[in-house]
Amino acid sequence: MPALSVGAGSAGSSAGGRRDPYATFRPFLGRWVAYGMAVVVAVSFGFVALTATGTMDTPGNRASMVVFALLVVVLLWRLGSVRAVVDADGVVVRNLVHTQRFAWTQVVSVRFGPDQPWLRLDVSDGQTVSVLAVQRADGARAEAEARRMASLAQAHGEAPERD
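Report on the accompanying structure.

Reading the values: rules and limits
Residues numbered from 1 in each chain as written. Predicted model: local features only at pLDDT ≥ 70, side-chain atom pairs only at ≥ 80, totals over all residues. Heavy atoms only, no water. Core = buried A, V, L, I, M, F, W, Y, C linked by side-chain atoms within 4.5 Å. Buried < 20%, exposed > 50% of the residue type's maximum accessible area, 1.4 Å probe, protein only. Helix = DSSP H or I, 4+ residues; strand = E, 2+ residues; numbered from the N terminus. Contact = heavy atoms within 4.5 Å. Salt bridge = Lys/Arg side-chain N within 4 Å of Asp/Glu carboxyl O. Axes fitted to C-alpha atoms, helices over the stretch in contact; angles between N-to-C directions. Parallel < 35°, antiparallel > 145°, perpendicular 65-115°, else oblique. Nonpolar A, V, L, I, M, F, W, Y, C, P; charged D, E, K, R; others polar. Lys, Arg positive; Asp, Glu negative; His and termini not counted. Polar contact = N/O pair within 3.5 Å; in protein donor to acceptor, adjacent residues only side chain to side chain.

**Points about the nonpolar core**
Among the nonpolar cores identified, the biggest contains 23 residues, and Phe25, Val91, Trp104, Val110, Leu119, Leu121 and Met149 are the most heavily contacted of them. Elements that contribute at least two residues to this core include exactly strand E2 (83–86), strand E3 (90–94), strand E5 (107–111), strand E6 (118–123), strand E7 (128–135) and helix H3 (140–156). Per-element tally for this core: the top contributor is H3, with 6 residues. With residues up to four places along the chain from it excluded, the contact list for tryptophan 104 reads Val86, Asp87, Ala88, Asp89, Gly90, Val91, Met149, Leu152, Ala153, His156 and Gly157.

The structure is reproduced here in structure tokens:
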């Protein structure tokens with residue numbers, strides 16, 4: 001059975017059990033900040049690239065500004081799209097760079113202590129995987145989501161050994 005360590009409170013589903021336990025985990029504050037900043041970067045860099053004069057008045061400089069803005073927007077989009085998709089078989093963790101799938105039987109523990117910025121999964125191969133979809137910045141919502149993940153890991157983890 002997976003070990004569970006989720007700060008204060010018991011491992012139960014959020015919103016008093018009314019929410020779908022298999023709903024996708026997504027950050028709230030971090031997602032909207034990332035998407036908002038992507039819009040600000042695209043608009044401001046686009047405006048500067050179109051209206052700047054002087055040294056910016058060369059096609060190469062304008063193109064480099066647009067390419068840089070696109071790279072920043074893609075990075076912010078990826079940051080805003082982090083998530084953890086759960087089903088009866090396991091969890092798919094999409095972070096900034098990697099997307100990994102783990103069967104529930106691979107999840108040894110779910111940790112989200114008060115000093116941890118993200119939920120963490122300890123898996124059977126020795127890895128510790130941060131789940132950026134559950135972020136401390138989301139406060140009580142993040143605590144409830146961590147309890148929901150812990151409940152899923154406990155419910156779908158390894159079957160008890162039989163004699």
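**Concerning the pattern of salt bridges**
A side chain of one charge can pair with a side chain of the opposite charge if their charged atoms are brought near each other. For the coordinates displayed, the defined rule picks out 6 salt bridges. Between glutamate 143 and arginine 136 there is a salt bridge; the shortest N-O distance is 2.6 Å. Taking relative accessible area as the criterion, glutamate 143 reaches 16% and is therefore assigned buried. Across the pair aspartate 138 and arginine 141 runs a salt bridge whose closest N-O atoms are separated by 3.8 Å. Because the salt bridges share partners, they merge into one network encompassing Arg136, Glu143 and Arg147.

**Details of the packing of helix H1 (residues 29–51) against helix H2 (residues 59–80)**
Running from amino to carboxyl end, H1 crosses H2 at an angle of 170 degrees, the nearest separation of the two axes being 8 Å. Between H1 and H2, the angle falls in the class roughly antiparallel. Between H1, through Arg31, Ala34, Tyr35, Met37, Ala38, Val41, Ala42, Phe45, Val48, Ala49, Leu50 and Thr51, and H2, the contact on the second element is made entirely by Arg62, Met65, Val66, Phe68, Ala69, Val72, Val73, Leu76, Trp77, Leu79 and Gly80. Of the residues belonging to the contact of H1 with H2, the class tally is 19 nonpolar, 2 polar and 2 charged.

**Some points on the side chain of arginine 94**
Considering the arrangement of structural elements, one finds arginine 94 in strand E3. Buried within the structure, arginine 94 lacks any salt-bridge partner; its nearest side chain of opposite charge belongs to aspartate 87, at an N-O separation of 16 Å. Polar side-chain contacts of arginine 94 include one of 3.3 Å to the side chain of serine 81. Not counting residues within four places of it along the chain, the set of residues in contact with arginine 94 comprises Trp77, Arg78, Ser81, Val82, Arg83 and Thr99.

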